[in-house]
Amino acid sequence: MSTKPSIAIIGAGHAGLVLALGLQDKGYQVTLVSDRTPAEIATGRITSTQLLYPAARAIERELGLDFWQESAPPAHDLQVTVAAPDGDVDFTWTAPYQPGPSSSVDYRVRIPYWLNMFRRRGGRLFHVAVGLEELESIAASHDLTVMSTGKGEIGRLFEKDKARCTYDTPQRYIAAVYVDGLRRTQRLSTEVTAIPGTGEVFFFPVLTITGPADLLMFEGCIGGPLDCWDGIDSPADYLKQAKTVVNKFMPWAADRVADVTLTDDKAVLRGCYPPIVRKPVATLPSGRKVLGMADLVVLNDPITGEGANNAVKCAKTYLDAIVERDGEPFDEEWMNQTFDTYWDYVQWATAYTNITLAGPQHVRDLVRAGTKSQVIRQWHADSRSVPENFFPAWGDAAEAEKFIARHTALATTES
Ligand SMILES: Cc1cc2nc3c(=O)[nH]c(=O)nc-3n(C[C@H](O)[C@H](O)[C@H](O)COP(=O)(O)OP(=O)(O)OC[C@H]3O[C@@H](n4cnc5c(N)ncnc54)[C@H](O)[C@@H]3O)c2cc1C
């Protein structure tokens, strides 16, 4: 019989499963509650574009959880393009991800695989959409209950941390499609195109339920011309709208999408949500405490592609803290300290994302400086894995100016 504490995890998304499988590997008896079965997830709609940068991939490898190293198409480079007002390309640059590629594995592939693995290894898996009543009973019967329900309604039990929130409303309307037939102009990359004042378009490879493919994601500034997905419902309409948007805002790429088709009818999504930071501990009516993780407590806009990376890092932080607790109770103080350790990391991903959404002039200058300095290009690609490294330049115009001057002077000396 296990002498280790009993842990319940509500919500079997990216963060919940990394934590559940990590704990299981260390001999914990874990109860995992998912509102959907593996089959429902595998046959449902896409929910993300889930690109993982090298640092998060390394954590998954270290935990023995990256089963798609060979099958997922690698995104070797970050390519950034900025559109000019006349609809042409203003500038573009490319930098490799280090020490290896980034990659995206459709959650409809990843999550069912991990859920089945958890069950096969003897984990207790329940399928129910947890409400307050179920939550009370789960918290009463476990030493620690972690809530990992992402954007799910039940997360409202956790109070908003107003001091840590930058926005109260959505900043982008988001849409995505997974496609076959995207024409290539270079080796596999994450291609980010910024259309100043309008939004952003992303192309990158993905491993989906039909095999390797590509995805197109659109982020339209609210109320602007790229916020154009209202009323788009049928798969055919999604595909048509995706092509229309590329033709209109990235005419230089029109021929690349001319022949794309959806990988499957469920490979479409659209919607918007406000970024939010919540307090990490919720108190149930019984007085019991539950700990929130990943998107539930720190939800960012996907413009920088940091959320899934944060989910992995949050799970690893919580895993280490649970193991190190070594028999001591998981009280409120420990919960707050555990989240604080995660916040030490995720505050930078959050600031990086919120500043990118606003797109101030110094950030535009930092992006443009990638045309002049290889060091700056590499800094853009590498810092996505370690967002703290974007600072202080990303957060301060004077620091950005110094940073650009230092590296462009170096580039001039080198050349
Ligand atoms: C369009 C889009 C594109 C994105 N692209 C990227 C990207 O390229 N790179 C990146 O790093 N991040 C990206 N993200 C963010 C990333 O998908 C999330 O940050 C990540 O999935 C968060 O993981 P999580 O485990 O916290 O939540 P989720 O993965 O959302 O998992 C939460 C789980 O809880 C379940 N649940 C909810 N309520 C209940 C309940 N009451 N009872 C039981 N279960 C429940 C849900 O069904 C779900 O399975 C993107 C997000 C969006 C919306």
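S.K.: Please clarify how the pairing of strand 11 (residues 199–208) should be interpreted in this entry.
M.R.: Side-chain direction in a regular strand flips from residue to residue, so the side chains alternate between the two faces of the sheet. Counting buried positions over the ten residues of strand 11 gives eight, a clear majority of the element. Alignment of strand 10 (residues 189–195) against strand 11, held across five bridges, turns out to be antiparallel. Looking across to strand 11, one finds that Val192 is bridged to Phe202. Where strand 10 folds back on strand 11, the antiparallel hairpin that results is connected by three residues, among which Gly197 adopts a positive phi of roughly 80°.

S.K.: Please clarify how the sheet that holds strand 1 (residues 7–10) should be interpreted in this entry.
M.R.: Two orientations exist for strands paired in a sheet by backbone hydrogen bonds: parallel and antiparallel. A sheet is described by the order of its strands in space; here six strands give the open sequence 7-2-1-8-17-16, paired in mixed fashion. Two strands lie at the open edges of the sheet, namely strand 7 (124–127) and strand 16 (281–283), each paired on one side alone. In this sheet, neighbouring strand axes are inclined to one another by 25° on average, regardless of whether the strands run parallel or antiparallel. With four bridges connecting them, strand 1 and strand 8 (residues 144–147) associate as parallel partners. Each residue of the ladder has a partner; that of Ile7, found in strand 8, is Leu144.

S.K.: So what exactly am I meant to see when it comes to the packing of helix 1 (residues 14–25) against helix 8 (residues 307–325) here?
M.R.: Any two packed helices are characterised by how steeply their axes cross, that is the angle between the axes, and by the distance between the axes. Relative orientation of the contacting elements helix 1 and helix 8 amounts to 30°, with a least axis distance of 8 Å. Note that helix 1 runs across helix 8; the crossing there is right-handed. Residues His14, Ala15, Val18, Leu19, Gly22 and Leu23 of helix 1 form the contact with helix 8, whose participating residues are Ala308, Ala311, Val312, Cys314, Ala315, Tyr318, Leu319 and Ile322. Its residues assigned to classes, the contact of helix 1 with helix 8 comprises twelve nonpolar, two polar and no charged.

S.K.: For this particular structure, what's the right way to read the site of the ligand?
M.R.: What surrounds the ligand is a group of 34 residues, the closest being Gly13, Gly150, Gly152, Ala294 and Gly307. Listing elements by their share of the shell around the ligand, those giving two or more residues are helix 1, strand 2 (30–34), strand 9 (172–180) and helix 8. Here the shell around the ligand gets four residues from one element, more than from any other, and that element is helix 8. Residues that form the shell around the ligand fall into these classes: 15 nonpolar, 15 polar and four charged. Counting contributing residues per domain, the shell around the ligand is built from domain 1 (7–68 + 106–166 + 275–356) and domain 2 (77–102 + 171–271), each supplying no fewer than three.

S.K.: Looking at this structure, how should I read the domain arrangement of the chain?
M.R.: Under the domain assignment used here, the chain contains domain 1 (7–68 + 106–166 + 275–356), domain 2 (77–102 + 171–271) and domain 3 (360–414). Here the C-alpha centroids of domain 1 and domain 2 sit 28 Å apart. Contacts between the two partners involve 17 residues from domain 1, matched on the other side by 24 residues from domain 2. Looking at the side of domain 1 that touches domain 2 residue by residue, the class counts come to ten nonpolar, three polar and four charged.

S.K.: Explanation requested: unusual backbone geometry in the structure shown.
M.R.: Generally, phi is negative for residues other than glycine and the peptide bonds are trans, each holding for most cases. Here the residue pair Gln98 and Pro99 is connected by a cis peptide bond, since its omega of 0° sits within 30 degrees of zero. Relative to the helices and strands, Pro99 is located in the loop between strand 5 (89–96) and strand 6 (103–104). In the segment running from Phe391 into Pro392, the intervening peptide bond is cis, with an omega of 10°. Residue position: Pro392 is located in the loop between helix 11 (374–383) and helix 12 (397–414).

S.K.: Would you take a moment to explain the nonpolar core for this structure?
M.R.: Nonpolar side chains in soluble globular proteins tend to end up buried together. Membership of the largest hydrophobic core comes to 118 residues, with the highest contact counts inside it found for Leu19, Val177 and Met293. Beyond its immediate sequence surroundings of up to four residues, Val177 is in contact with Leu215, Leu216, Tyr238, Leu239, Ala242, Leu262, Ala267 and Val268.

S.K.: Would you mind going over the packing of helix 1 against helix 4 (residues 107–120) with me for this structure?
M.R.: Packing of helix 1 against helix 4 brings their axes to within 10 Å, and their N-to-C directions diverge by 30°. By the criterion of interaxial angle, the relationship of helix 1 to helix 4 is roughly parallel. In terms of crossing hand, the pair formed by helix 1 and helix 4 is left-handed. Seen from helix 1, the contacting residues are Leu17, Ala20, Leu21 and Gln24; seen from helix 4, they are Ile111, Trp114, Met117 and Phe118. Its residues assigned to classes, the contact of helix 1 with helix 4 shows seven nonpolar, one polar and no charged.

S.K.: Please clarify how the pairing of strand 9 should be interpreted in this entry.
M.R.: Burial analysis of strand 9 places eight of its nine residues in the buried class, the great majority of the element. With eight bridges joining them, strand 9 and strand 12 (residues 211–221) adopt antiparallel strand pairing. Counted as the bridge partner of Ile174 is Glu219 from strand 12. Note that strand 9 and strand 14 (residues 268–271) share four bridges and pair antiparallel. Each bridged residue has a counterpart across the sheet, and for Ala176 the counterpart in strand 14 is Leu269. As judged from the two bridges shared by strand 9 and strand 13 (residues 261–262), these two strands associate in the antiparallel manner. Bridge assignment links Asp180 to a residue of strand 13, and that residue is Thr261.

S.K.: Which parts of the structure should I look at to understand helix 9 (residues 332–358)?
M.R.: Each turn of an α-helix holds 3.6 residues, which means side chains three or four residues apart point in the same direction. In the structure, helix 9 departs most strongly from a straight axis at Asp344, where the bend amounts to approximately 40°. Downstream of helix 9 by a residue or two, Gly359 has a phi angle that is positive, lying close to 60°.

S.K.: Sorry, what's going on with helix 5 (residues 132–140) here?
M.R.: If you check which residues of helix 5 are buried, you get Leu135, Ile138 and Ala139. Viewed end-on, helix 5 has its buried residues packed into an arc of 95°, placing them on one side of the element. The exposed residues of helix 5 that point more than 90 degrees off its buried face are Glu133, Ser137 and Ala140. Lining the buried residues of helix 5 we find strand 1, strand 2, strand 8 and strand 17 (289–292).

Criteria and cut-off values
- Residues numbered from 1 in each chain as written.
- Predicted model: local features only at pLDDT ≥ 70, side-chain atom pairs only at ≥ 80, totals over all residues.
- Buried ≥ 20, exposed ≤ 12 C-beta atoms within 10 Å, placed from the backbone.
- Helix = DSSP H or I, 4+ residues; strand = E, 2+ residues; numbered from the N terminus.
- Pairing = 2+ DSSP bridges.
- Axes fitted to C-alpha atoms, helices over the stretch in contact; angles between N-to-C directions.
- Left-handed = near helix turned anticlockwise from the far one by under 90°.
- Contact = placed C-beta atoms within 7 Å.
- Nonpolar A, V, L, I, M, F, W, Y, C, P; charged D, E, K, R; others polar.
- Near = placed C-beta within 6 Å.
- Domains from an automatic or database assignment.
- Core = buried A, V, L, I, M, F, W, Y, C linked by C-beta atoms within 7 Å.
- Parallel < 35°, antiparallel > 145°, perpendicular 65-115°, else oblique.
- Bend = angle between axes of the 7 residues up to and from the residue.
- Arc of directions from axis to C-beta.

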